[in-house]
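# Observations on the model geometry
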Amino acid sequence: MTTSAILTIVEMTLHEAARRRILLASLVCGCAFLLLFGIGQHFVLADIEHQGAKGMLRRGFILNFFTLAGLYSVNFLTVMSAVLLPVDTLSGEIASGVLQTVASKPIARRDIVLGKWLAYVLVVGSYLMLLAGGVLLEARLLADFQLPGVGRGLALMFLESIVLVTLSISGGTRLSTVTNGVVAFGLYGLAFIGSWVEQVGGFTGNVGARDVGTVASLIMPSESLWQLAAHHMQPPVMSQLNLTPFSPLSVPSIAMVYWAVGYIVVLLLVALRGFSKRPL
Amino acid sequence: MSSYLLETHGLRKRFGDKLAVADLSLALRPGEVFGFLGPNGAGKTTSLKMILGLLEPSGGHGLLLGKPLGDQGARAKVGFLPEHFRFPDWLTGRELLHFHGRLYGLGGSLLRERSEALLARVDLLDAAHRPLKGYSKGMLQRAGLAAALLNEPQLVFLDEPTSGLDPLGRLLVRDLIRDLRAQGTSVFLNSHLLGEVEATCDRVVFVKQGRVVHEHVLGAHEAHRDVRIRAHGMSDALCVTLASLGEGFVRDGDRASLRVDGDSRLPQIAAAIVNSGAALFELDAAPASLEQLFLAVMGTEQRPG
């Protein structure tokens with residue numbers, strides 16, 4: 001593994017994101033999102049004051065729910081970016097022939113994959129931190145409110161975005177761009193619906209439904225990571241009473257974090273192996 | 001240690017049921033400009049990709065600069081311009097060279113100096129600050145050529161380097177190849193433009209269905225002439241005599257053609273015709289061209305249509 005080759009690929013990928021206005025578009029859309037969230041928060045606060053606050057607990061619940069709703073939107077936008085940004089970085093360059101001149105240089109093919117992976121983890125991670133940071137900052141500045149467990153929650157959301165970046169990059173070593181996108185979103189959808197089946201199973205006590213959800217989480221751990229993040233970012237009483245849609249009835253185990261880390265490692269190894277043998 | 005820069009032995013590539021390269025064996029000597037010729041679908045680009053490690057061979061083996069094909073270290077001393085040179089079009093010409101240079105492990109002032117020298121050499125200095133998406137096809141081809149030479153390679157692979165170039169661009173590439181040869185750099189040239197190959201190569205091989213079917217040293221047969229005859233009343237005995245004076249004798253009615261090893265054969269041909277009693281109307285001798293040799297080696301079944 002050559003560090004300089006990986007860093008060259010990272011730099012070029014970031015340069016491409018900047019030059020093709022991907023970063024600018026993300027920034028503009030992110031600012032629009034934060035503006036809208038700020039306006040929403042303003043109305044929520046006005047409503048709380050208009051109704052007459054019946055104690056700090058009720059105010060805290062409402063603001064917690066609204067801030068989590070903001071982070072849920074951030075999570076969704078990050079998931080979209082994590083799949084879409086790298087979806088053609090390998091498959092597109094293989095199809096166009098750009099990679100022929102790159103791979104014929106004295107660098108290992110794994111350095112190309114690792115460089116691109118690292119660059120997109122940085123881009124998507126920065127996007128997540130920008131949006132999530134903006135949501136949390138607005139909650140702090142406008143309502144003097146702070147979510148609990150933010151550090152753990154954001155770390156889990158970041159882990160979820162890495163899972164999806166890795167899935168997208170890995171698919172690109174073997175699949176065409178469109179097929180890769182269909183598979184990545186298909187798996188995300190599977191995890192999403194699997195999570196709801198699991199929640200329904202938890203609510204009704206149906207063990208079979210819960211098992212289906214668990215299997216879906218193992219196939220794609222993204223939604224479980226979000227649920228775990230949401231669980232950590234609300235007070236225990238709110239979570240235990242299932243007061244909001246972000247309070248899972250069946251809280252994913254910490255083992256899901258280890259599973260996700262292993263999932264990333266395996267996907268990355270599959271990508272490295274797939275690309276090393278790929279005809280260019 | 002091999003005395004060849006490149007050698008392949010029985011290289012083979014199969015895609016499913018299709019055999020793209022059957023049995024490629026060739027060798028390239030240091031300092032040589034080597035032409036790799038063949039019709040469409042002869043497996044030339046597939047062969048090139050196997051040599052450069054972009055494709056894994058299904059069989060056979062080879063050495064590039066003394067290392068097994070695909071070796072990363074060997075690629076440090078090799079340059080490559082693909083047939084369809086694609087590029088990140090948001091880069092400027094100068095950025096393209098800097099990116100490729102860094103992949104070769106170059107940096108700092110050395111990379112800057114080489115980039116500027118090569119941009120000047122391929123006549124792109126004035127356009128170097130512009131994004132590649134605004135370049136013409138010929139400009140892109142020249143940018144790709146500059147990128148292939150950044151590492152001052154021992155061996156350069158050029159796959160159709162003059163396709164898309166105007167006559168001035170072709171001249172520039174021809175001069176560049178001559179400069180490379182003068183510097184001792186070997187060139188592996190894959191081109192359909194036989195005139196270009198004839199003007200630049202020392203040796204060519206003809207590839208048919210993934211096999212080398214003929215090797216030809218250019219310049220070694222400059223005296224050869226392609227002779228065309230138009231005569232009435234050519235007898236079978238005369239045809240036998242004419243066939244013995246050269247090679248590739250073909251007769252079609254009053255017309256015949258053959259290749260001879262020098263001008264000295266022409267009076268003998270004229271005398272044989274006249275002495276046989278046939279009426280000679282036309283006797284034309286032209287230097288043997290690579291195109292005619294190509295057609296003779298490949299056979300008419302390779303011609304489209």
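The following refers to the structure shown.

Conventions adopted
- Residues numbered from 1 in each chain as written.
- Chains lettered and ligands numbered in written order.
- Predicted model: local features only at pLDDT ≥ 70, side-chain atom pairs only at ≥ 80, totals over all residues.
- Heavy atoms only, no water.
- Helix = DSSP H or I, 4+ residues; strand = E, 2+ residues; numbered from the N terminus.
- Polar contact = N/O pair within 3.5 Å; in protein donor to acceptor, adjacent residues only side chain to side chain.
- Contact = heavy atoms within 4.5 Å.
- Core = buried A, V, L, I, M, F, W, Y, C linked by side-chain atoms within 4.5 Å.
- Buried < 20%, exposed > 50% of the residue type's maximum accessible area, 1.4 Å probe, protein only.
- Salt bridge = Lys/Arg side-chain N within 4 Å of Asp/Glu carboxyl O.
- Pairing = 2+ DSSP bridges.
- Axes fitted to C-alpha atoms, helices over the stretch in contact; angles between N-to-C directions.

### Describing the side chain of A:T67
Residue and element names in this part refer to chain A. As for its placement among the helices and strands, T67 is situated in helix α3 (residues 56-84). At 2.7 Å, the side chain of T67 forms a polar contact with the backbone oxygen of L63. Those residues in contact with T67 that lie beyond four places of it in its chain are F37, V135, L136, A139, F145 and L147.

### Observations regarding the nonpolar core
Within the largest apolar cluster, 151 residues are counted, with the highest numbers of intra-cluster contacts made by B:F157 and B:F188. Core analysis: the next-biggest nonpolar cluster, separate from the first, contains 15 residues, B:L242, B:V260, B:A272 and B:I273 among them.

### Looking at the pattern of salt bridges
All names here are of chain B. By the definition in use, this model includes 20 salt bridges over all chains. Here R259 makes a salt bridge to D226, at a shortest N to O gap of 2.9 Å. Here D226 lies in strand β11 (residues 225-232) and R259 lies in strand β13 (residues 255-260), a separation of 33 residues in the sequence. The pair R259 / D226 is uniform in exposure class, with both members buried. Linking R230 and E282 is a salt bridge whose minimum nitrogen-to-oxygen distance equals 3.4 Å.

### Quick notes on the sheet that holds strand β12 (residues 247-252) of chain B
All names here are of chain B. One open sheet holds the four strands; their spatial order is β12-β13-β11-β14, and the pairing between them is antiparallel. Each edge of the open sheet carries a strand with a single partner, namely β12 and β14 (279-287). Neighbour-to-neighbour, the strand axes of this sheet turn through a mean angle of 15 degrees, independent of strand direction. Direction of pairing for β11 relative to β14: antiparallel, over a ladder of eight bridges. Bridge pairing in β14 links R228 to D284.

In short, the description is geometric, and any link to function would need to be established separately.
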